[in-house]
Amino acid sequence: FGEAAKKLQGPFVPKFEDYQQVYNSIAARLEERDDYDDGSFGPVLLRLAWHCSGTYDKETGTGGSNGATMRFTPEGSHGANAGLQSARDFLDPIKEQYPWITYSDLWILGGVCAIQEMQGPKIPYRPGRSDRDVSFCTPDGRLPDASKDQKHVRAIFGRMGFDDKEMVALSGAHALGRCHEDRSGYSGPWTFSPTTLTNDYYKLLLEEKWAWKKWTGPKQFEDVKTKTLMMLPTDMALVQDKGFRPYVEKYANDNEAFFKDFSDGVVRLFELGVPFTVAEDARWTFKSSFD
Ligand code: ZEM
């Protein structure tokens, strides 16, 4: 009888409400698991979603958020992905609870949820990513190297198809989280509120005095006043470069403009390389836990 009923119903096709439930479960787990870093897994969840997406190469169509190939050793152990196991582990119980969602849709939904729950803008979402095997792992070296300059930033993000404005807007994610010596070698947070998305990253870039940190670790900047904040060489390139700087100034002065461009940029980033069957105008916007 059960089988017959199942046949009549056809295969389970998840709808908006089902994904909203997954969103709610991630949000609840973010609230529960405050035993991490500055009290939130949010930043590292966003970093996982970004590192899935940021491998995209527009020439070959390879990489991007379709596939969740970071599950496999070659990509999971790329230097740039150090520490992201903690984000994948955080999401595993959610995957067990909702076995119908693909890892690749789940990891991106984790990024969407993290941004919204950290009081960022709404990030419209559509499902359609499928999990792919180890042969789809991207080669090492596709993600940006923080020790480099603006030429490198433009080359890496240009390969994904982004322009100057989008590069600066996406970099505002560094309002969140911190660097870990045992992961990237760098150390410290960018802002004083690393679990709330604000335009403080741009304000601090412009308003603080920055100097090379005196230490034996990789070259990074620290704020002269408190010596508790940091900037990577690639962060500092945004104020040093004539093409980037006007956008830094714009976002420092206008949080609304930052939120709008950040959301647009992240939506594009998270969809790189995905063969959607759902139209762009059918994207969903999830309710946040505090809406
Ligand atoms: Zn990051 N990022 N990133 N980034 N990133 C780190 C941490 C975080 C660069 C980079 O090398 C680093 C974007 C762009 C760029 C986040 C989101 C986004 C860390 C520290 C480094 C070294 C890792 C560690 O030690 O744990 C470079 C060079 C970038 C471009 C030039 C974009 C775009 C992002 C999202 C849209 C986030 C949220 C973190 C904080 C992670 C955490 O665990 O706290």
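Asker: Just checking my understanding: could you explain the site of the ligand for this structure?
Answerer: Lining the immediate environment of the ligand, one finds 22 residues, of which Trp 50, His 174, Arg 178, His 180 and Ser 184 sit closest. Here a nitrogen atom of the ligand and a side-chain polar atom of Trp 50 are 3.1 Å apart. When contributions to the shell around the ligand are tallied by element, the ones reaching two or more residues are helix 3 (42-53) and strand 1 (178-179). Tallying contributions element by element places helix 3 first for the shell around the ligand, with 5 residues. Among the residues forming the shell around the ligand, the class breakdown is 14 nonpolar, 5 polar and 3 charged. Residue-level mapping places the shell around the ligand at the junction of two domains, with at least three residues from each of domain 1 (9-142 + 266-282) and domain 2 (150-264).

Asker: Looking at this structure, how should I read helix 9 (residues 200-207)?
Answerer: Three or four residues apart is the spacing at which side chains of an α-helix point the same way, because the helix has 3.6 residues per turn. Within helix 9, the full set of buried residues consists of Tyr 201, Tyr 202, Leu 204 and Leu 205. Projected down its long axis, helix 9 carries its buried residues within an arc of 165 degrees, all on one side.

Asker: Help me understand the coordination of the zinc atom of the ligand in this model?
Answerer: Six octahedral donors around a metal ideally make angles of 90 or 180 degrees; four tetrahedral donors ideally make 109.5 degrees. From the protein, the zinc atom of the ligand takes a single donor atom, His 174 (NE2), 2.2 Å away. Turning to its location among the elements, His 174 is positioned in the loop between helix 8 (164-171) and strand 1.

Asker: I'm lost on the packing of helix 8 against helix 11 (residues 245-253) in this one. Help?
Answerer: Helix-helix packing: each pair is described by the crossing angle between the helix axes and the interaxial distance. Where helix 8 meets helix 11, the axes come as close as 9 Å, and the angle between the chain directions of the two elements is 45 degrees. In this view, helix 8 runs oblique relative to helix 11, as classed from their interaxial angle. Here helix 8 and helix 11 pass one another in a crossing that is right-handed. On helix 11, the residues touching Asp 164, Lys 165, Val 168 and Ala 169 of helix 8 are Tyr 247, Val 248 and Tyr 251. Class assignment of the residues belonging to the contact of helix 8 with helix 11 gives a composition of 5 nonpolar, no polar and 2 charged.

Each value, and the rule that gives it
- Per-chain numbering applies: the sequence of each chain, read as written, is numbered from 1 onward.
- Given that the model is predicted, a residue must reach a pLDDT of at least 70 before its local features are reported, and side-chain atom pairs must reach 80 or more before they are shown or counted; all residues, however, enter totals for whole chains, interfaces and linings.
- Side-chain numbers here rest on the full set of heavy atoms in the structure, without hydrogens or water.
- The rule for a residue being near a molecule or strand is that one of its heavy atoms must lie within 4 Å of it.
- Polar contact is the term for a pair of N or O atoms within 3.5 Å; when the atoms are in protein, one must be able to donate a hydrogen and the other to accept it, and sequence-neighboring residues count only if both atoms are side-chain atoms.
- Numbering of helices and strands starts at the N terminus; helices are DSSP runs of H or I of at least 4 residues and strands are runs of E of at least 2.
- When residue character is reported, Ala, Val, Leu, Ile, Met, Phe, Trp, Tyr, Cys and Pro are called nonpolar, Asp, Glu, Lys and Arg charged, and the others, Gly included, polar.
- Throughout the structure description, domain borders are defined by an automatic or database domain assignment.
- Here the term buried applies to any residue with accessible area under 20% of the maximum for its type, exposed to any over 50%, and partly exposed to those in between, with areas from a 1.4 Å probe on protein chains only.
- Of all possible arcs, the one meant is that of the directions from the helix axis to the C-beta atoms.
- Each metal's donors comprise the N, O and S atoms found within 2.8 Å of it (within 3.2 Å for Na, K or Ca). Water is not part of the atom list, so some coordination spheres may appear incomplete.
- Angular values range over 0 to 180 degrees, each being the angle between N-to-C directions of two axes fitted as lines to C-alpha atoms, with helices fitted over their stretch in contact.
- Working rule for angles: under 35 degrees goes down as roughly parallel, over 145 as roughly antiparallel, 65 to 115 as roughly perpendicular, anything else as oblique.
- In this scheme the crossing of two helices becomes right-handed for a clockwise turn of the near helix relative to the far one and left-handed for an anticlockwise turn of less than a right angle.
- By definition in these notes, contact holds between two residues if any of their heavy atoms fall within 4.5 Å.

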